[in-house]
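Residue-level structural notes
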Amino acid sequence: MLPKAYAPKAVEDRIYALWENSGAFRADVKSTKKPFTIAMPPPNATGQLHLGHAVMLALEDIFIRFNRMRGKEALWIPGTDHAAIATESVVIKEIQKKEKIPDPRAKLGREKLVQRIAEFVEKSRGVIRSQVRKMGASCDWTRERYTMDPMLNRCVNEVFAKMYKDGLIYRAERVVNWDTALQTTISDDEIEYVDQEATLYTIEYVGAKQTGGKPILVSTSRPETKLGDSALAVHPDDERFKHLIGKTFDVVWPRGQTIRVSVIADHLIDPAFGTGVLGLTSFHSKIDYEIWQRHRTEIPSYPLHVIGEDGRITDQIKGYAGMKALEAREAFVEDLKKEGRIAKEEKYVQPLSISYRSKKPVEPLPKLQWFIDVNKRVVSYRGKQMSLREILQHVIRAGEIKIIPSLFEKTYFQWIDHLQDWCISRQIWWGHRVPVYYCSTCKNPDGTPLELISVSTEPYTVHELCGSRVEQDPDTLDTWFSSALWTWSTLADPSLADDFSLSLEEILKRSPDFQKFHPTQVMETGYDILFFWVARMILMTTYAVGDIPFETVYLHGLIRTREGKKMSKSDPETMIDPLDIIPKYGADALRLSMILGQSPGNDSRLYEEKIAGYRNFVNKLWNASRFVLMQCDEAKIDPKTIAKLPDSSALALPDRAILSRLQSIVEKVTKGLEEYRLSEVGDTLYSFVWDDFCDWYLELSKGNANTAVLVHTLRKILQLIHPYCPFVTEELWSHVKPADAGLLIARPWPETKEALRNEESEKQFLSLIGVIQSIRKLRADQGIEPAKKLHVVLSSKKHAKLFEEQREHIERMARVEKLEITGKKVKPANVVSAFLPETEVYLSLEGLIDKAKEIERLKKEKDQAEKFLHAIEAKLQDKQFTGNAPSKVIEMGREKQATTKAKLEKIEKQLKALS
RNA sequence: GGGUGGUUAGCUCAGUUGGUCUAGAGCGACUGGUUUACACCCAGUAGGUCACAGGUUCGACUCCUGUACCACCCACCA
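Residues numbered from 1 in each chain as written. Chains lettered and ligands numbered in written order. Predicted model: local features only at pLDDT ≥ 70, side-chain atom pairs only at ≥ 80, totals over all residues. Heavy atoms only, no water.

1. Things to note about the overall build of chain A
When helices and strands are tallied, chain A shows 28 helices and 31 strands. Expressed as lengths along the three principal axes of its C-alpha atoms, the size of chain A is roughly 110 × 65 × 60 Å. A burial count over chain A gives 55% of its 915 residues as buried. Accessible surface for chain A amounts to roughly 41800 Å². Of this, 51% is attributable to carbon and sulfur atoms. Mean positive and mean negative side-chain charge positions of chain A (133 and 129 charges, respectively) differ by 4 Å. (Helix = DSSP H or I, 4+ residues; strand = E, 2+ residues; numbered from the N terminus. Buried < 20%, exposed > 50% of the residue type's maximum accessible area, 1.4 Å probe, protein only. Areas by Shrake-Rupley, 256 points an atom, 1.4 Å probe, with all protein chains shown as cover. Lys, Arg positive; Asp, Glu negative; His and termini not counted. Charge placed at Lys NZ, Arg CZ, Asp CG, Glu CD.)

Structure representation (structure tokens):
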């Protein structure tokens, strides 16, 4: 016998082991079944499983389990990401704190530090693995991958080499986003903007004496950067400054810094902003750098580097060198004030760029970096020459990839429109090292060291042509470069990683998994990494493999706190840790609470009561199964032996009705899951189980259960809910499954049986329910205690026979002692009444009726009915309506009119009788 | 500055191409109930002019326009 309440803790780990040992998670590459593949978004190898992962795992597990049961060869590849910057900074901080080493990079050196990080990651990955299991994720652990695996590393190198050869990867000096805290560049997408109150200073840049007229004023929010200017820019048509264009001035700043600036004209300058003159800070602003590049020949003096990588003023700047940028700003402004050169100070709100990683301000600095060109039209995709940007647009426009919810397509296109070349090199040590080597003697025509590419992981030290030493580029690649290959680098045969005689194309050709399982079917992830990751997978995969990485993108929303705030580590009170929840409520309940009542792309709130609510549902399912088993025991029938349903003519009404209803549910659930409408399907199952199955069917079955139908229906329910609640359903399945059936996870998906559909029975069932409900309601309205037995008269021409057949049910469920059923009109006195379509219900209590209460209730009901009738009649009399509305709608209106009219008449009659 | 989404019962949210919606669910509230599947339960009740203002339509929670408030994303006005 099953225990009274479901205890997930006692079940889940055992069931998971059962699944895993059964081989059910493993996909067979030789199978002839159609593939269904998901590449699991790899959690960062640093951390702990959080709700973001939990919702991802729950959704993907539902997709996978459903498709596995439907007969697809389902493959779900798990893995972890080395998470370059995030991991390196975590480990460095740990070393700083625990070992009191202020600069671990300097102290340990590259090799040792990388070793330390690798050790840390190895530990962390083990934690992640066990946490993924706790959620019930049915992924193929035999194919687990890690972004730093040799094969994945090989893929990174191969793609880099290919792009380099195609001229899509290039090295150039550009103003990039420099994270002064982490000492590395970051990409444009890794920048966040925070509104900040700033001061716009208007500085007297060039005195009136020098111009021979008015002084030149410049507005800036970063005065300190002006210390290294080499030009002033104005709009070419700005009459105020036309006479200055082409002139050169010497500017002496406080503390002795002297610069020579030339006045240039550029269309980008907005004459209306500030003074209309821009101090061109070439090295500390992307736009200034661009303008400088355009006008370099007109600007004789070379701009200065004002701020260094450490965020301090460089020693090129007299008087302020060594100060932090902000300190220098204050000092400089103070000095200018003393000289009377601050003409204006205005407060305004300015978006400040901060690093997504370190949350510290980003310093734009000119640096020699590696970039991916998104505009060069050298990529052949589906037989057409396109740029990477164009392919990104094409695959969505052409419908090769579908995004759910579709409104994110708009965001996606907008992002592409703004897309600039992607800076892929990072100045950190943890990650895939740029596979470029520089020859110490050979030079390019422009004098830069000769670049040599090597995809091999073996040491490459000597240039084979000249015999000189070669040195590898010290930088590593953006994490997203390797994760962009994830859908297919994980499918490449790992045993080929060291065979350098093979090209990437050949490797893929010889990788059975890739041939069978790529492209993948769904990419499911949070909308917050649509640009970081999803778009980049599309970009890199279409380029490298010539095909899409996935057919459908399903984006889930963020899980927020009860108050709608983001959960954050810094505020542990608000955090819900899946690992606390699972032992308490079970993984199934957690899964339901994150999926039901949500829609893709929208954030949702999660809190304990919600989870408890779904725990209750899981428990309900548990107890319904207990009930079924008890019925079977009574009948001395083993549920495991029940194989066939009796002929439908031999079935009672509730049996026919529930079987019929089940068919619609199977159909609805199947279709809904095919279309990724998980929340809706979940709700459907929830109410089918609780309302239809438990509250009505099981209750009606008490005492006269048809065990075959009970067991059949329960089995189907367990199958249908299994993708949502794998643990509890698998456990229950073991008690009710057919004798020859294996695990539920491997069970085929239920199919609809048209022969079991029976609309008439469902309608009759509803009439029966209606009668029981209305008797219960009358009793409650009258305040009659439940123990009190009732005398009820049912009058229904249409249903008299039906009610007679179901007499026992009505008597028991509504607690009726004396039940009269008649097909004739009746005129009982001293009763309370309810009027259903085709049926009148009278409850008599011999003088106990509270007349006033009943009259009041009837009047209220009459009011309502009258209002409704008026509305409907007005509609039906409106020729516009009858002329335009479809006949179905009109017919429905007529029906409603008739039933309401009939009801109203009865209410009136009853009112008269009472008064 | 550009864009997107939201605004439906006290709370959290569903509502599929406009008409079986006289707008639903869960939680909470209230009334009553220990009838051996389940108190992690059962029976029942109350509670909404679907943010606001216009428009389209025979008909709008659903489509269009505008307003307000709340989120979010993007952005090289120094």
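2. Things to note about the side chain of Ser355
Relative to the helices and strands, Ser355 is located in strand β13 (residues 342-355). Relative accessible area serves as the criterion here: at 0%, Ser355 is assigned to the buried category. Residues within four places of Ser355 in sequence aside, it is in contact with Asp179, Ile186, Glu190, Lys360 and Val362. (Contact = heavy atoms within 4.5 Å.)

3. Section: the packing of helix α20 (residues 678-701) against helix α25 (residues 807-814)
For the pair α20 and α25, interaxial distance at closest approach is 10 Å and the crossing angle is 115°. By the angle class used here, α20 and α25 are roughly perpendicular. The chirality of how α20 crosses α25 is right-handed. Residues Asp695, Trp696, Glu699 and Leu700 of α20 form the contact with α25, whose own contacting residues are His809, Arg812 and Met813. When the residues that make up the contact of α20 with α25 are grouped by side-chain class, the tally is three nonpolar, one polar and three charged. (Axes fitted to C-alpha atoms, helices over the stretch in contact; angles between N-to-C directions. Parallel < 35°, antiparallel > 145°, perpendicular 65-115°, else oblique. Left-handed = near helix turned anticlockwise from the far one by under 90°. Nonpolar A, V, L, I, M, F, W, Y, C, P; charged D, E, K, R; others polar.)

4. Quick notes on the pattern of salt bridges
All told, the structure shown has 57 salt bridges when counted by the stated rule. Glu674 is paired through a salt bridge with Arg70; the nearest N and O atoms lie 2.3 Å apart. Linking Glu674 in helix α19 (residues 653-674) with Arg70 in the loop between α2 (51-69) and β2 (73-77), this pair joins segments that are 604 residues apart in sequence. A relative accessible area of 42% means that Glu674 is categorised as partly exposed. Classification of Arg70 as partly exposed rests on a relative accessible area of 38%. Between Arg661 and Asp692 there is a salt bridge, with the nearest N and O atoms lying 2.9 Å from each other. One end of the pair, Arg661, is in helix α19; the other, Asp692, is in helix α20, and 31 residues separate them in sequence. (Salt bridge = Lys/Arg side-chain N within 4 Å of Asp/Glu carboxyl O.)

5. Here we look at the sheet that holds strand β6 (residues 184-186)
In space, the four strands of this open sheet follow the order β6-β5-β14-β18, with antiparallel pairing throughout. With partners counted over all chains shown, the strands left at the sheet margins are β6 and β18 (422-423), one partner each. Both strand β14 (residues 362-372) and β18 contribute to a ladder of two bridges, which runs antiparallel. Looking across to β18, one finds that Phe371 is bridged to Cys423. (Pairing = 2+ DSSP bridges.)

6. A short note on unusual backbone geometry
Omega for the bond connecting Ile404 with Pro405 falls within 30 degrees of zero, at -5°, which places this linkage in the cis form. In this structure, Pro405 sits in the loop between β17 (402-404) and α10 (408-418). Pro519 follows His518 through a cis peptide bond whose omega is 0°. Mapping Pro519 onto the fold places it in the loop between α14 (512-517) and β24 (520-526). Even without a glycine there, the phi angle at Lys359 is positive, about 60°. Mapped onto the elements, Lys359 comes out in the loop between β13 and β14.

7. As for the packing of aromatic side chains
Within this structure, the stated rule accounts for 34 aromatic pairs. With a centroid separation of 5.9 Å and 75° between ring planes, the pair formed by Tyr614 and Tyr686 is classed as edge-to-face. In this pair, Tyr614 is assigned in helix α18 (residues 608-634) and Tyr686 in helix α20, connecting sequence segments 72 residues apart. Feature note: the residues Phe160, Tyr164, Trp370, Trp422 and Phe481 constitute an aromatic cluster, connected by ring pairs. (Phe/Tyr/Trp six-rings, centres within 6.5 Å; stacked < 30°, edge-to-face > 60°.)

8. A short note on the nonpolar core
Ranked by internal contacts, the top residues of the largest apolar core, which has 101 residues, are Met594, Phe693 and Tyr724. Listed in part, the 71 residues of the second largest apolar core include Leu388, Ala484, Met523 and Trp533. (Core = buried A, V, L, I, M, F, W, Y, C linked by side-chain atoms within 4.5 Å.)

9. Examining the protein's contact with RNA strand B
The immediate surroundings of RNA strand B are formed by 52 residues, with Phe273, Ile287, Asn623, Trp690 and Lys896 found nearest. Taking Ser599, its side chain carries an N or O atom lying 3.2 Å from a phosphate oxygen of RNA strand B. At a separation of 2.7 Å, a sugar or linking oxygen of RNA strand B approaches a polar side-chain atom of Arg626. Here the surface near RNA strand B takes ten residues from α18, the largest share from any one element. For the surface near RNA strand B, the per-class residue count stands at 23 nonpolar, 13 polar and 16 charged. (Near = heavy atom within 4 Å. Polar contact = N/O pair within 3.5 Å; in protein donor to acceptor, adjacent residues only side chain to side chain.)

10. Notes on the pairing of strand β10 (residues 248-252)
Only one face of β10 is buried, namely the one carrying Phe249 and Val251, since none of Thr248, Asp250 and Val252 on the opposite face is buried. Pairing of β10 with strand β11 (residues 258-265), which is carried by five bridges, proceeds in the antiparallel orientation. Paired with Val252 across the bridge in β11 is Thr258. In this antiparallel pair of consecutive strands, β10 and β11, the connection spans five residues, and Arg255 shows a positive phi of 65°.

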